[in-house]
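# Structural characterization, general
These are the residues of each chain, in order.
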Amino acid sequence: MKTDLQRFWILATVLIATWSLTACAQFNHAQPNSPLAMSAVPAITPAPRVALVLGSGGPRGYAHIGVMRVLEDAGIGVDLVVGSSVGALLGSFWAHGYSAQALDDLSQTGGPLTVFDFSLWADRGWIHGQRLQDYVDTGLNNINIEDMPRPFIAVATRLQDKQPVFFNSGNVGVAVRASSAVHRIFSPVGIHGVEYEDGDESLPVAVRAARQAGAQFVIAVDVTARPGSAPEGTSAERLAREARRRARIDPELRHADFVIHPDMGFATRPTPAFFRMARQSGEREAQRLLPQLKAALLSSQKF
């Protein structure tokens, strides 16, 4: 005959097992407003004059805010925003109408803990991603991508075959969550039974998406470490990873009309000081290149 203590432990074991299975459950968004993954982007009518393509890079992505500020101050209008990973996160807010200053202010109200839901029971990672999705949906008033004031495309990677996909419709929070689902850190994002992960795994700087949409002038922002910046003693594994990333980026940049590549060194740190440095680096590099950018726009008759 079981004692009360034995019954307690049996019940506790069942509850823990049930909770663990629930916590590890795969996320699958299958709502009417689920983002539609496309292998190519249909042309936009009228064709965007200027597109801004924002690359992946985690904390380095804060440089995008500095670039946005310079473009705003110079009066350079952007008709299409394309983003991978952190570029999708920041780009979605900018496409919705947030100014660079508003984004800067928002970025300083909290670090990664604001949008990361850490868990030992996350599915194939240690961050679920639901908090990030909710953060975007709340900040953008639960809008669908196709209803945003400025056309926006989020880039993700189909997990099964590592091919890039593009979202230009449906729930923006789910699209950004998929674009930002860093491999083995964030749980993959299921949409109607197909799983997606970070856009960095296929197209860190997706110039092709802007070109396919019909953009006449493409400004690409690459926030990854510059080639040759790795310090002595960097592991062979890290160097190989960076080389693979560059192999995905460089062919895309060749199809951009203008490239902004801030120099933030090699190391990345998720600290307020690094975020501030990244914003300043993006603004400084964009400001330095502004005369050349204006000349390129004038010569192409897009500005």
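Higher on the page you've got the structure.
Residues numbered from 1 in each chain as written. Predicted model: local features only at pLDDT ≥ 70, side-chain atom pairs only at ≥ 80, totals over all residues. Heavy atoms only, no water.

### What about the pairing of strand β3 (residues 80-84)?
- Counting buried positions along β3 yields five of five residues, so the element is predominantly enclosed.
- Judged by which residues are buried, β3 turns out to be covered on both faces: L80, V82 and S84 on one side and V81 and G83 on the other are all buried.
- Alignment of strand β2 (residues 50-54) against β3, held across four bridges, turns out to be parallel. In the strand pairing of β3, A51 is matched with L80.
- Handedness of the β2-helix α2 (residues 63-74)-β3 crossover: right-handed.
- Of the pairings in the sheet, the one linking β3 to strand β4 (residues 152-158) comprises four bridges and is parallel in character. Note on β4: the bridge partner recorded for V82 is I153. (Buried < 20%, exposed > 50% of the residue type's maximum accessible area, 1.4 Å probe, protein only. Helix = DSSP H or I, 4+ residues; strand = E, 2+ residues; numbered from the N terminus. Pairing = 2+ DSSP bridges. Right-handed = clockwise from strand over helix to strand, strands pointing away.)

### Concerning the packing of α2 against helix α9 (residues 272-299)
- The interhelical angle for the contact between α2 and α9, taken along N-to-C directions, is 40°, at an axis separation of 7 Å. Looking at the two axes, α2 sits oblique to α9. Seen from above, α2 lies across α9 with right-handed handedness. For the pair formed by α2 and α9, the contact residues are A63, I65, G66, V67, R69, V70, L71 and A74 on the first element and A278, R279, G282, E283, A286, Q287, L290, L293 and K294 on the second.
- For the contact of α2 with α9, the class distribution of residues is ten nonpolar, three polar and four charged. (Axes fitted to C-alpha atoms, helices over the stretch in contact; angles between N-to-C directions. Parallel < 35°, antiparallel > 145°, perpendicular 65-115°, else oblique. Left-handed = near helix turned anticlockwise from the far one by under 90°. Contact = heavy atoms within 4.5 Å. Nonpolar A, V, L, I, M, F, W, Y, C, P; charged D, E, K, R; others polar.)

Purely spatial values, then, with no claim about function.
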